[in-house]
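# Fold and geometry: a report
Each chain, written out:
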Amino acid sequence: MPDPSASPVTHQLLIAGRWVDGVSGETFDSVNPADTRDVVGRFQAGTAADVAMAVRAADEALPGWRATPAPKRGEVLYRFGALMAEHKERLSRAMTREMGKVLAEARGDVQEGIDIAFLMAGEGRRMFGDTVASELPDKWAMSIRQPIGVAGIITPWNFPIAIPCWKMMPALVAGNTVVFKPASDAPHCATLLVELMVEAGFPPGTVNLLTGPGSEVGDAIVDNRDVQVISFTGSSATGRRIAQRAGRLLKRLSLELGGKNAVVVLRDADLELAVEGILWSAFGTTGQRCTACSRVIVDRPVADALVGRLEARASTLHLGSGLDERVEVGPLVNAPAMDKVERYVEIGRREGELVTGGMRASGTDGATGADLDHGHFYRPTIFTGVMPMATIAQDEIFGPVLSVVPVDGYAEAMTAANQVRYGLSASVYTQDVNVAFRAMRDFEAGIVYVNAGTTGAETHLPFGGWKDTGNGHREAGHAALDTFTEWKAIYVDYSGHLQRAQIDNQ
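Okay, so let's go over this structure. Remember, it's a predicted structure, so these values are computed and weren't measured experimentally. (Residues numbered from 1 in each chain as written. Predicted model: local features only at pLDDT ≥ 70, side-chain atom pairs only at ≥ 80, totals over all residues. Heavy atoms only, no water.)

## Notes on the overall build of the chain
Each helix and strand counted, the chain has 15 helices and 21 strands in total. Taking 2.2 N^0.38 as the reference for a compact globule, 506 residues should give roughly 23 Å; the C-alpha atoms of the chain span a radius of gyration of 24 Å, in line with that estimate. Each principal axis of the C-alpha distribution contributes one length, and for the chain these read about 80 × 65 × 40 Å. Within the chain, residue pairs in contact and separated by at least 24 positions form 74% of the contacts whose partners lie at least 6 positions apart. Looking at the chain as shown, the accessible area adds up to about 20100 Å², and 52% of this sits on carbon and sulfur atoms. Taking the average place of the 48 positive charges on the side chains of the chain and the average place of its 61 negative ones, the gap between the two points comes to 4 Å. (Helix = DSSP H or I, 4+ residues; strand = E, 2+ residues; numbered from the N terminus. Rg over C-alpha atoms; globule rule 2.2 N^0.38 Å. Contact = heavy atoms within 4.5 Å. Areas by Shrake-Rupley, 256 points an atom, 1.4 Å probe, with all protein chains shown as cover. Lys, Arg positive; Asp, Glu negative; His and termini not counted. Charge placed at Lys NZ, Arg CZ, Asp CG, Glu CD.)

## Remarks on the sheet that holds strand β16 (residues 401-407)
Strand order across the open sheet formed by 7 strands is β14-β15-β16-β13-β12-β18-β19, with mixed pairing between neighbours. The strands lining the two open edges of the sheet, one partner per strand, are β14 (353-356) and β19 (447-450). Geometrically, the sheet is characterised by an average inter-axis angle of 20° between neighbouring strands, direction not taken into account. Of the strand pairs in this sheet, β14 and strand β15 (residues 381-384) are connected by 3 bridges, and their pairing is antiparallel. Within the sheet, the bridge partner assigned to Leu354 lies in β15 and is Phe383. (Pairing = 2+ DSSP bridges. Axes fitted to C-alpha atoms, helices over the stretch in contact; angles between N-to-C directions.)

## As for helix α1 (residues 48-67)
Over its 20 residues, α1 runs 29 Å from end to end, which matches the ideal 28 Å to within 8%, given 1.5 Å per residue. In the structure, α1 departs most strongly from a straight axis at Ala61, where the bend amounts to approximately 40° and where the proline Pro63 lies between one and four residues downstream. For α1, every residue scored as buried is listed here: Asp50, Val51, Ala54, Val55, Ala57, Ala58, Ala61, Leu62 and Trp65. (Expected span 1.5 Å × (residues − 1). Bend = angle between axes of the 7 residues up to and from the residue. Buried < 20%, exposed > 50% of the residue type's maximum accessible area, 1.4 Å probe, protein only.)

## Considering the environment of Val178
If you trace the backbone, Val178 turns up in strand β8 (residues 177-181). A relative accessible area of 0% means that Val178 is categorised as buried. Sequence-wise, Val178 and Arg441 are 263 residues apart; in three dimensions their C-alpha atoms are separated by 37 Å. Residues in contact with Val178, not counting those within four places in the same chain, are Ala58, Ala151, Ile153, Met168, Ala171, Leu172, Thr206, Val207 and Asn208.

## A look at the side chain of Lys181
Secondary-structure assignment places Lys181 in strand β8. The side chain of Lys181 is buried and forms no salt bridge, while Asp185, the nearest opposite charge, is found at 9.3 Å. In terms of polar contacts, Lys181 uses its side chain to reach the backbone carbonyl oxygen of Gly212, at 2.8 Å. Setting aside residues up to four positions removed in sequence, Lys181 forms contacts with Ile153, Ile154, Thr155, Leu210, Gly212, Pro213, Gly214, Val217, Gly218 and Ile221. (Salt bridge = Lys/Arg side-chain N within 4 Å of Asp/Glu carboxyl O. Polar contact = N/O pair within 3.5 Å; in protein donor to acceptor, adjacent residues only side chain to side chain.)

## Structural notes on the layout of surface pockets
The rolling of a water-molecule-sized probe over the atoms marks out the regions of remaining empty space. In this structure, the largest pocket encloses a volume near 890 Å³. Lining the largest pocket are 38 residues, with Trp157, Phe232, Gly234, Ser235 and Thr238 positioned closest to its centre. If you list the elements that add at least two residues to the lining of the largest pocket, you get α7 (214-223), β10 (227-233), α8 (236-248) and α11 (335-351). Among the elements that take part in the lining of the largest pocket, α8 stands out by supplying 6 residues, more than any other. The class makeup of the residues in the lining of the largest pocket is 16 nonpolar, 13 polar and 9 charged. Counting only elements with at least two residues in the lining of the second largest pocket, the list comes to α4 (103-123) and α5 (162-173). (1 Å grid on protein atoms, 1.4 Å probe; cavity = no way out; pocket = protein on both sides within 12 Å on 5 of 7 lines; lining within 4 Å. Points joined across faces, edges and corners; volume = space filled by probe spheres on them. Nonpolar A, V, L, I, M, F, W, Y, C, P; charged D, E, K, R; others polar.)

## Regarding helix α6 (residues 187-200)
For α6, spanning 14 residues, the distance from its first C-alpha to its last is 20 Å, which sits close to the expected 20 Å at 1.5 Å a residue. Burial analysis of α6 places 11 of its 14 residues in the buried class, which makes it a mostly covered element. Buried within α6 are the following residues: Pro187, His188, Cys189, Ala190, Thr191, Leu192, Leu193, Val194, Leu196, Met197 and Ala200. Following α6 by one or two positions, Gly201 adopts a phi angle in the positive range, close to 110°.

## Structural notes on empty space enclosed by the protein
Evaluated as defined, the whole model comprises 2 cavities of 30 Å³ or more. Counted as a void, the largest cavity has a volume near 90 Å³. Lining the largest cavity we find 13 residues, and of these Gly287, Ala292, Ser294, Glu396 and Phe398 sit closest to its centre. Across the lining of the largest cavity, the residue classes tally to 5 nonpolar, 5 polar and 3 charged.

## Things to note about the packing of aromatic side chains
The description of two aromatic rings rests on the distance between their centres and on the angle between their planes. Per the stated rule, a full pass over the model turns up 6 aromatic pairs. Ring centres 6.1 Å apart and planes at 35° place the aromatic pair Phe28 and Phe43 in the tilted group. One end of the pair, Phe28, is in strand β3 (residues 27-32); the other, Phe43, is in strand β4 (residues 35-44), with 15 residues separating them in the sequence. Overall, Phe28 belongs to the buried group, its relative accessible area being 18%. (Phe/Tyr/Trp six-rings, centres within 6.5 Å; stacked < 30°, edge-to-face > 60°.)

## Overview of the pattern of salt bridges
Scanning the model with the defined rule gives 29 salt bridges in all. Its salt-bridge partner being Glu75, residue Lys72 comes within 3.6 Å of it at the nearest N-O pair. Highlighted residues: Lys72 and Glu75, both in helix α2 (residues 70-86), separated by 3 residues, approximately one helical turn. Here Lys72 falls in the partly exposed class, since its relative accessible area comes to 45%.

## Focus on the packing of helix α3 (residues 88-99) against α4
When two helices pack together, their arrangement is given by the angle between the helix axes and the distance between those axes. Orientation of α3 relative to α4, taken along the N-to-C sense of each, is 125°, at an axis distance of 8 Å. Judged by the angle between their axes, α3 and α4 are oblique. In the crossing of α3 with α4, the sense of the turn from one axis to the other is right-handed. Seen from α3, the contacting residues are Lys88, Glu89, Leu91, Ser92, Arg93, Met95 and Thr96; seen from α4, they are Leu103, Ala106, Arg107, Asp109, Val110, Gln111 and Ile114. Partitioning the contact of α3 with α4 into residue classes produces 6 nonpolar, 3 polar and 5 charged. (Parallel < 35°, antiparallel > 145°, perpendicular 65-115°, else oblique. Left-handed = near helix turned anticlockwise from the far one by under 90°.)

## Here's the deal with the side chain of Thr454
On the secondary structure map, Thr454 appears in the loop between β19 and β20 (466-467). Here Thr454 falls in the buried class, since its relative accessible area comes to 0%. At 3.2 Å, the side chain of Thr454 forms a polar contact with the backbone nitrogen of Cys293. The contacts of Thr454, once residues within four sequence positions are left out, are Asn261, Ala262, Val263, Ser281, Thr291, Ala292, Cys293, Ser425, Ala426, Ser427 and Tyr449.

Written out as structure tokens, the structure reads:
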């Protein structure tokens, strides 16, 4: 653990290839949520003036980067991915210190960034369009992708390496330039990431980093007319506000928002397997994932057995700093997150039966010896007997709170699973292959798992959801290029005379 008494390092913004202080001179601290006495670093509180300079730099860098052949752009991404792999442990430990997830998960977060860098580097040689037959003789017809322009990238704190890479890698390989604003709870991770991007050889102005509050920096990025595409991950409430602002300017907008994900456990399920998947999905990252399992919808004949096993396991999970390899659940990210969880737990006491947890964690963890008094720790919490339309079964809590909803059979389970305003991830546990295929069809969600939890997306498949989870765009996979490219249809007529499409072919 770093010395809490040491003076924090002050970090800068990256604009036009230069590390600079913000115009206002104001700064803010990023602190370790496992021990708030530990200041991770001091960061610039950017302003609209800083945004204007960064957008100008990105706009000036755009012609050169766009003109760079896509395979050559991909080579820069390869170098960046290799640098991340080289620095994986350093990045992982910095992440755990700054936002709290346990080290094994932090390593997975960095690996996601490495994977998407390599995947999108390959897209530099796979920027496929279509060549199709023309309806007229002696005429060639095809379509190609082209970059949109300057991309505004606004990311959350809970996956501070993976999500920025999910957004920036497709944007950059497609030939766009980037203005990147990370969440204020994870600016150090973003700074380390961008330092490696500079080392990898992204030209000055191609990537620009702005730290600071969303109300100042984020809004200025969204409102700037020279930013042609916005990609945002965060709460549905903030996403709606961004959509309203961006819509007035007819910007391309990709939103990845909230989730209220369900694991359906049917009466023939392997309960031990289900318990493993539920615990990982509900309490990994302390429940602070858009794909977290926050609802277990269980067939009534096995409900008591499942709840008993979940209680036995959840009550023994070890809390503490994620830098300790024995720790299974880290802290919540900040004090407001703790307050929010407490409010919903109080609601839950009226809406269900508290099985375990339901309180802040303090004192010393018996197994690890971790001091919990100076961090934002909350006991993994389970409620049972919750109705499908209860508040704790409908609202995204974003913390270690799990609601168990008993139902009678598959049809009722599927109704309950879909009876929320979100549609990101869903899971079913069953040993009946026919039921599994029905669930794949019936879930109203962008991601479906069979006999696995609700987390664990892979970079070569599209990531995103239905309903209030987003606006239809997808991240990861080759579908990610759709956010950051325009399609252009091209016709070459070599007949030597005027041919009129849709007239001459009748």
